[in-house]
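Commentary on secondary and tertiary structure
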Amino acid sequence: MMAAGAAAHSEHGRHIALAMQKIGKGLLPAYRIRDEDKLYRIAELLDIDTLGKEMLEVAYDVATKTLEDYQNQDHHKGCHWISATLPDKRVDLLSRLGALPHNIDATVSQIMARTHIGCDAEPKNVFLGGIRGALADFNGMSLATELSDVMFGTPSPVVTEANIGVIDKDAVNIAVNGHNPLLSEIICDIARDMNDLAKEAGAEKGINIVGICCTGNEVMMRHGVPLATNYLSQEMAILTGALDAMVVDVQCIMPSLPQVGNCFHTEVITTMDENKMQGARHISFHEQNAVETAREVIQCAINAFTRRDPNKINIPNVKQTAVVGFSSEAVITALSNLDAVDPLKPLVDNIVNGNIQGVALFAGCNSTQTVQDESYQIIAKTLAANNVLLLATGCGAGAFAKHGLMNQQATEQYAGDSLKAVLTQIGDAAGLNGPLPLVLHMGSCVDNSRAVTLATALANRLGVDLCDLPVVASAPEAMSEKAIAIASWGVAIGLPTHLGTIPQVTGSDVVTELMQEGAKDLFGGYFIVETDPKIAGNKLVEVIKAKRQGLGI
Ligand code: BF8
């Protein structure tokens, strides 16, 4: 599962890096470099000489050096992105444990080889091999996130809405579902040009793009596109009878969608040649034909709109305001309103003085083993009441957005007094006329690296390792291989990591013990498996208190 997760995130990252290489060569006119400053910051991070180079040349060099993480054959050299993004202390520890991947593809391949029948059968060795894979996942997601920001813009706070009520009966509704922003970004651009065509077809309000899963999170963070739903209820968007097309790219797409679409007028459109579904329309996407593909997809949706059955329309009137777009840069910018010279200081000071007790990152999926979205809310409310700062990504972020925990009212209602005071101080200084939202939306699953960027900055600032910080992670509804990989690198970088679903390891006492206790000795991070969200929330509060004691604060 760790290898599959690493492969999924890293394929996504490779796709982005290859596209950026082509942008650097001027071969993809539909795309451009939108965050030049970030490009140069990354170049510096990766030790790339930019002197006298044109911007596109720098983009080419950044993409090329990034792709070395898929090619390096020297076992003594770790992947560039891990070394550049984790604290030195952590990189040293992982290196000593032999857990640092040198090459994403080779690491995934090795896991497949060593789990073949008759190979690696020493539990700790298998576990460490998996951890290497999980760290390859971290490497792949870090590069995917950072290069995406360069190509599509680094998110900053934007006000939007979430939940199924964002589907509008008076518009041509197109849902973008999946993970990779390469096509959805262009669909957002082209939809503006084709709005009048939708109106001519009878849609009073033109085209309404809505998001599902992590492609939804990507366009929500960058363009304020409303989020219709997260993983487990993706079919429900079609059941409204008003979704004209669902265009999907990769990962976490239910293969039942075309069958559900067939009960309505909805076009389900696959776009990636390696991800097709029985019964779906396939429109092959390549970056070179991005604009044509986007036009074709949108035209399909407009045509489908004219075939709608008004008697089948039933859109639940549920939606919530969500303030999203908290990249690590956006958090630093918000903090810089309090201290322009040393933006991290207000955060560090408030953690040290206890106004903020700690930080919790919610990540991961929905699972059919739990009531959808429920555990997220219960745990988050417990932590917020105990003055823990909350961050979220992926379907966790979707859950909070849908249920109204990503707005200012939620902060007023659920945050403990000292947390509320800090969030209000930062929000007011950032011109929000009130607090920051209760949960900060950091992006899609692949954007979990944003939270690590922030945690690394904190650790470096305090001169400690990540495992010393009062920072925890929680995946209350972990389901996919990617979620397993994320939770595993969470542990490997030192975070106590809660799982609300039971991972498939309980057949082995040795591995179960290794994950919960053995990992603590190796990494400082460990798994906390707890299916009851009330107990889980309290356990995480206790862990945070213990970490504070360890730091003497
Ligand atoms: O990448 S949280 S169900 S949609 S795997 Fe999938 Fe899990 Fe959702 Fe996004 Ni992440």
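Given the structure is predicted, the values throughout are model-derived calculations rather than measurements.

1. With respect to the confidence of the model for the protein
- Per-chain confidence: the protein averages 97 in pLDDT, with 100% of residues scoring 70 or above.
- Scored as a whole, the predicted complex attains pTM 0.97, and scored at its interfaces, ipTM 0.98.

2. Some remarks on the layout of surface pockets
- In this structure, the largest pocket encloses a volume near 540 Å³.
- Listing elements by their share of the lining of the largest pocket, those giving two or more residues are helix H1 (2-24), helix H6 (104-114), helix H7 (123-152), helix H21 (481-492) and helix H22 (509-523).
- For the lining of the largest pocket, the element with the highest residue contribution is H7, accounting for five residues.
- Residue classes in the lining of the largest pocket are distributed as 14 nonpolar, five polar and one charged.

3. Overview of the packing of helix H15 (residues 344-352) against helix H20 (residues 448-462)
- Where H15 meets H20, the closest approach of the two axes is 11 Å, and the angle between their N-to-C directions is 75°. Between H15 and H20, the angle is such that the two are roughly perpendicular. On the side of H15, the interface is formed by Leu344, Lys345, Leu347, Val348, Ile351 and Val352, while H20 contributes Ala457, Leu458, Arg461 and Leu462.
- Across the contact of H15 with H20, the residue classes tally to eight nonpolar, no polar and two charged.

4. Here we look at the pairing of strand S10 (residues 388-393)
- With six of six residues buried, S10 lies mostly within the body of the structure.
- Side chains Val388, Leu390 and Ala392 project from S10 onto one buried face, and the interleaved Leu389, Leu391 and Thr393 project onto a second face that is buried too.
- Sheet analysis places strand S9 (residues 358-362) next to S10, joined by five bridges and oriented parallel. Within S10, the position partnered with glycine 358 by the bridge is valine 388.
- You can see the chain leave S9, run along helix H16 (residues 374-385) and come back into S10, and the turn it takes is right-handed.
- Where S10 lies against strand S11 (residues 439-443), four bridges are found, and the strand directions are parallel.

5. Quick word on the coordination of the nickel atom of the ligand
- Just one protein atom donates to the nickel atom of the ligand; it is Cys445 (SG), sitting 2.2 Å from the metal.
- Taken together, the four donor atoms surrounding the nickel atom of the ligand define angles of 97 to 135° at the centre, an arrangement classified as tetrahedral.
- Structurally, the position occupied by cysteine 445 is in the loop between S11 and H20.

6. Quick word on the sheet that holds strand S14 (residues 526-529)
- Across the sheet, which stays open at both edges, the six strands sit in the order S11-S10-S9-S12-S13-S14 with parallel pairing between neighbours. Lying at the two open borders of the sheet, with one neighbouring strand each, are S11 and S14. Sheet twist, expressed as the average angle between the axes of neighbouring strands with direction ignored, equals 25°.
- Strand contacts of H20: S9, S10 and S11, with the helix running at about 115° to S11, the strand carrying the most contacts.

7. A look at the packing of aromatic side chains
- Overall, the coordinates contain five aromatic pairs when judged by the stated rule.
- On the basis of an interplanar angle of 75° and a centroid distance of 5.2 Å, the ring pair of phenylalanine 362 and phenylalanine 400 is categorised as edge-to-face. With a gap of 38 residues between them, phenylalanine 362 in strand S9 and phenylalanine 400 in helix H17 (residues 394-402) connect regions that are remote in the sequence.
- The buried category is assigned to phenylalanine 362, whose relative accessible area is 0%.
- A network of ring pairs unites the aromatic residues Phe362, Tyr376 and Phe400 as a single cluster.
- Directly above the aromatic system of tyrosine 60 lies the positively charged group of lysine 25, at a separation of 4.5 Å from the ring centroid.
- Lying over the aromatic face of phenylalanine 264, lysine 312 brings its terminal NZ or CZ to 5.4 Å of the ring centre.

8. Thoughts on the domain arrangement of the protein
- Domains assigned within the protein are domain 1 (1-152), domain 2 (164-306) and domain 3 (324-551).
- A separation of 24 Å is found between the C-alpha centroids of domain 1 and domain 3.
- Taken together, the contacts link 33 residues of domain 1 with 35 residues of domain 3.
- Interface area, domain 1 with domain 3, both sides summed: about 2800 Å², of which 71% is carbon and sulfur.
- It is Met1, Arg90 and Phe127 in domain 1 that bury the most area against domain 3; as a group they hold 24% of the surface buried on that side.
- One can count four salt bridges joining domain 1 with domain 3.
- A salt bridge links arginine 450 to aspartate 149, with the shortest nitrogen-to-oxygen separation between them at 2.7 Å.
- If you look at where domain 1 meets domain 3, you find 13 residue pairs in polar contact (both at pLDDT 80 or more).

9. Concerning the site of the ligand
- The environment of the ligand is formed by His179, Cys213, Cys214, Tyr231, Cys252, Gly364, Cys365, Cys395, Cys445, Met479, Ser480 and Lys482.
- Between the ligand and lysine 482 there is a distance of 2.7 Å, counted from an oxygen atom to a side-chain nitrogen or oxygen.
- The residue inventory of the shell around the ligand, partitioned by class, reads eight nonpolar, three polar and one charged.
- If you count residues domain by domain, the shell around the ligand takes at least three from each of domain 2 (164-306) and domain 3 (324-551).

10. Here we look at unusual backbone geometry
- The backbone of glutamine 251 shows a phi angle near 70°, a positive value even though the residue is not glycine.
- Structurally, glutamine 251 is set in the loop between strand S5 (243-248) and helix H12 (257-262).
- Within the chain, asparagine 433 stands out as a residue other than glycine whose phi angle is a positive 55°.
- Within the secondary structure layout, asparagine 433 lies in the loop between helix H19 (417-429) and S11.
- Asparagine 433 sits in the exposed class, given a relative accessible area of 72%.

What counts, and at which threshold
- Residues numbered from 1 in each chain as written.
- Predicted model: local features only at pLDDT ≥ 70, side-chain atom pairs only at ≥ 80, totals over all residues.
- Heavy atoms only, no water.
- pLDDT = per-residue confidence, 0-100.
- 1 Å grid on protein atoms, 1.4 Å probe; cavity = no way out; pocket = protein on both sides within 12 Å on 5 of 7 lines; lining within 4 Å.
- Points joined across faces, edges and corners; volume = space filled by probe spheres on them.
- Helix = DSSP H or I, 4+ residues; strand = E, 2+ residues; numbered from the N terminus.
- Nonpolar A, V, L, I, M, F, W, Y, C, P; charged D, E, K, R; others polar.
- Axes fitted to C-alpha atoms, helices over the stretch in contact; angles between N-to-C directions.
- Parallel < 35°, antiparallel > 145°, perpendicular 65-115°, else oblique.
- Contact = heavy atoms within 4.5 Å.
- Buried < 20%, exposed > 50% of the residue type's maximum accessible area, 1.4 Å probe, protein only.
- Pairing = 2+ DSSP bridges.
- Right-handed = clockwise from strand over helix to strand, strands pointing away.
- Donors = N, O, S within 2.8 Å, 3.2 Å for Na, K, Ca; no water.
- Tetrahedral: all angles 85-135°; square planar, octahedral: opposite > 155°, others 65-115°.
- Phe/Tyr/Trp six-rings, centres within 6.5 Å; stacked < 30°, edge-to-face > 60°.
- Lys NZ or Arg CZ within 6 Å of the ring centre and 35° of its normal.
- Domains from an automatic or database assignment.
- Buried area = accessible area lost by both parts, 1.4 Å probe.
- Salt bridge = Lys/Arg side-chain N within 4 Å of Asp/Glu carboxyl O.
- Polar contact = N/O pair within 3.5 Å; in protein donor to acceptor, adjacent residues only side chain to side chain.
- Near = heavy atom within 4 Å.

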